[in-house]
Amino acid sequence: MSSTLRRPRHPRRALLGALAVLAVTTTTACGPLDTAGAAGGPAAPVATASAAADDLADPDDESLAADDAAALPAPDAAPVGDTAAVLAQAQGQTALVALGLLPVKGRAPKTGYDRDLFAYREVDLDGNGCDARNDILRRDLTGVTLKPGTQECVVLTGTLADPYSGTSIPFTRGSATSADVQIDHVVALSDAWQKGAQQLDASARQRLGNDPLNLLAVSGPLNSQKGDGDAATWLPPHKAYRCAYVARQVAVKFTYGLWVTAAERDAIAGILASCPGEPLPAGSALPPAQAAPAPAPAPTAPEAGAPANPGNSKDCRDFATWADAQAWYSTYLPLYGDVAELDGNDDGVACESLPGAP
């Protein structure tokens, strides 16, 4: 037997100390995450959470740290680069490969969005009797102490090495302190809704809302500053973590069949350009392995008596006809390559603008 915990949402700081526990006895089954159907998202059975969850108002409510977030400086934006060139270098089963496979579309309307549709903290995917927040606190904090009588679920204290700020944050459970450490949906639920999650069935959405792949313990104020932003509008100020951060966003979107906007894809590519081998995190669906681009063939070594390398000594204006240019090009190409860069599109035909060109 397990029990269902439904947690009402508390958008105001004044309600932080209110009790919000409602335990209803029920029977359920738990199944593994099925990542086979990327287009429709994982849709395996959803398990219910036990009553061992936190008895505080929701400390992951972004409004709880909004005042502190307003005082933070805005993080730097992602570097702007050549997205096509970055994606062309993708190989293996990396985040960069998965990024290249994500559909690129505009945001869908937010119509119908409700955070409760994702049932955060209301399902127990691993069947251990603990809710998602406490599972992630135990995973991400060190020096954890647990509340007696909660099936070793509820975290009382610990220390977070915050990935978003690069600082150490002490955690103490309590009405005035729990919100110092919040659990971030790395792909914000609102962002997910506008980029494909509204097309998922209820089971898949609930898995997305509680999947450890999409959850991180982080600084409360930074979580509030991020809001529902994607990589085009918000990145962690701790730059050493940005590669892992965008890789996790790509992993979630690839696993659940979500899409990215063009600006979001460009921002992620701009980050991954500095770490093209960044792996997808554990728990992600994996893309088909992509082979490395084939290297350009090396020019044939010149034989004795062959003409010397002319270098970049010609351009197409030096030839009266295409036939003259092609003959010169064909003479030196096998020995030195296209040293004069007469074949601009690498199709084996030089100076295609000249009279007589095919």
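Rules behind the numbers
Residues numbered from 1 in each chain as written. Predicted model: local features only at pLDDT ≥ 70, side-chain atom pairs only at ≥ 80, totals over all residues. Heavy atoms only, no water. Helix = DSSP H or I, 4+ residues; strand = E, 2+ residues; numbered from the N terminus. Contact = heavy atoms within 4.5 Å. Areas by Shrake-Rupley, 256 points an atom, 1.4 Å probe, with all protein chains shown as cover. Disulfide = S-S within 2.5 Å. Buried < 20%, exposed > 50% of the residue type's maximum accessible area, 1.4 Å probe, protein only. Phe/Tyr/Trp six-rings, centres within 6.5 Å; stacked < 30°, edge-to-face > 60°. Salt bridge = Lys/Arg side-chain N within 4 Å of Asp/Glu carboxyl O. Pairing = 2+ DSSP bridges. pLDDT = per-residue confidence, 0-100. Axes fitted to C-alpha atoms, helices over the stretch in contact; angles between N-to-C directions. Parallel < 35°, antiparallel > 145°, perpendicular 65-115°, else oblique. Left-handed = near helix turned anticlockwise from the far one by under 90°. Nonpolar A, V, L, I, M, F, W, Y, C, P; charged D, E, K, R; others polar.

A.B. asks: It is not clear to me how the overall build of the chain should be interpreted in this structure. Could you clarify?
C.D. replies: The secondary structure content of the chain amounts to 10 helices and 7 strands. For the chain, long-range pairs separated by at least 24 residues make up 75% of all intrachain contacts whose partners lie at least 6 apart in sequence. Accessible area for the chain stands at about 16,300 Å²; split by element, carbon and sulfur atoms hold 56% of it.

A.B. asks: Looking at this structure, how should I read the state of the cysteines?
C.D. replies: Inspection of the entire model under this criterion finds 3 disulfides. With its sulfur 1.8 Å from that of its partner, C130 forms a disulfide with C153. Here the disulfide of C130 and C153 is left-handed, its torsion about the S-S bond being about -75 degrees. In this pair, C130 sits in the loop between helix 3 (95-101) and helix 4 (132-140) while C153 sits in the loop between strand 3 (141-146) and strand 4 (155-161), placing the two residues 23 residues apart along the sequence. For the pair C130 and C153, one class covers both residues: buried. For the chain, the disulfide bridges join cysteines in the arrangement 1-2, 3-4, 5-6, where the cysteines are counted in sequence order.

A.B. asks: Looking at this structure, how should I read the packing of aromatic side chains?
C.D. replies: Each aromatic ring pair is specified by the distance between its two centres and by the angle formed by the two planes. Applying the stated criterion across every chain, the model contains 9 aromatic pairs. When the centroid spacing of 5.5 Å and the interplanar angle of 90 degrees are considered together, the rings of Y164 and Y245 count as edge-to-face. In this pair, Y164 is assigned in the loop between strand 4 and strand 5 (168-172) and Y245 in helix 8 (residues 242-255), connecting sequence segments 81 residues apart. You can call Y245 buried: its relative accessible area is 0%. Chaining the aromatic ring pairs together yields one cluster made of Y164, W234, Y241 and Y245.

A.B. asks: Could you clarify how one ought to interpret the environment of D58 in this entry?
C.D. replies: Mapping D58 onto the fold places it in the loop between strand 2 (23-26) and helix 1 (66-70). With a relative accessible area of 9%, D58 lands in the buried category.

A.B. asks: Just checking my understanding: could you explain the pattern of salt bridges for this structure?
C.D. replies: Should the charged atoms of two oppositely charged side chains come close, the side chains can pair. Following the criterion strictly, the structure yields 16 salt bridges and no others. Put simply, D76 and K239 hold a salt bridge, and the shortest N to O gap is 3.0 Å. With D76 in the loop between helix 1 and helix 2 (83-88) and K239 in the loop between helix 7 (220-226) and helix 8, this pair connects stretches of sequence that are 163 residues apart. Close ionic contact of R107 with D230 constitutes a salt bridge, the shortest N to O distance being 3.4 Å. Here R107 is found in the loop between helix 3 and helix 4, whereas its partner D230 is found in the loop between helix 7 and helix 8, with 123 residues between them in sequence.

A.B. asks: It is not clear to me how the pairing of strand 7 (residues 215-219) should be interpreted in this structure. Could you clarify?
C.D. replies: On a regular strand, each side chain points to the face opposite its neighbour's, so the side chains alternate between the two faces of the sheet. Counting buried positions over the 5 residues of strand 7 gives 5, a clear majority of the element. By the bridge criterion, 5 bridges tie strand 6 (residues 181-185) to strand 7 in an arrangement that is antiparallel. By the bridge assignment, V181 is partnered in strand 7 with S219.

A.B. asks: What is the right way to look at the side chain of S284 in this model?
C.D. replies: Relative to the elements of secondary structure, S284 occurs in the loop between helix 9 (262-272) and helix 10 (322-336). Overall, S284 belongs to the buried group, its relative accessible area being 13%. If we skip the residues at most four places from it in the chain, S284 touches L213, A251 and T255.

A.B. asks: I would appreciate a short explanation of helix 4 in the present structure.
C.D. replies: Note: α-helices contain 3.6 residues per turn, so residues at a spacing of three or four share the same orientation. For helix 4, the set of buried residues is A132, R133, N134, D135, I136 and L137. The secondary structure elements touched by the buried residues of helix 4 are strand 3, strand 4, strand 5, strand 6, helix 6 (202-210) and strand 7.

A.B. asks: Help me understand the confidence of the model for the chain, please; the structure alone is not making it clear to me.
C.D. replies: Low pLDDT marks stretches whose predicted atomic positions should not be read closely. Of the residues in the chain, 80% have a pLDDT of 70 or more, and the chain-wide mean is 84. When the criterion is pLDDT under 50, residues 1-43 qualifies, and its contacts beyond four places in sequence or with other chains add up to 117 contacts.

A.B. asks: Could you clarify how one ought to interpret the pairing of strand 6 in this entry?
C.D. replies: Among the 5 residues that make up strand 6, 5 are buried, leaving the element largely enclosed by the rest of the structure. Along strand 6, one buried face is formed by V181, I183 and H185 and the opposite face, lined by Q182 and D184, is buried too.

A.B. asks: What am I meant to see in the packing of helix 8 against helix 9 here?
C.D. replies: The interhelical angle for the contact between helix 8 and helix 9, taken along N-to-C directions, is 135 degrees, at an axis separation of 9 Å. As far as their axial angle goes, helix 9 and helix 8 are oblique. Along this stretch, helix 8 crosses helix 9, giving a crossing that reads as left-handed. Within the contact between the two elements, helix 8 uses R242, C243, V246, V250 and K253 and helix 9 uses E264, I268, I271 and L272. Residues of the contact of helix 8 with helix 9, tallied by class, amount to 6 nonpolar, no polar and 3 charged.

A.B. asks: It is not clear to me how the sheet that holds strand 5 should be interpreted in this structure. Could you clarify?
C.D. replies: Two strands in a sheet stick together by hydrogen bonds in their backbones, pointing the same way (parallel) or opposite ways (antiparallel). Read from one edge of the open sheet, 3 strands run 3-4-5, paired in antiparallel fashion. Of all the strands in the sheet, just strand 3 and strand 5 have a single pairing partner and so form its edges. Neighbour to neighbour, the strand axes of the sheet diverge by 5 degrees on average, direction disregarded. Inspection of the sheet shows strand 3 paired to strand 4 by 4 bridges, in the antiparallel sense. Bridge assignment links T142 to a residue of strand 4, and that residue is T159. The strands that helix 4 touches are strand 3, strand 4 and strand 5; relative to strand 3, the one it contacts most, it runs at about 130 degrees.

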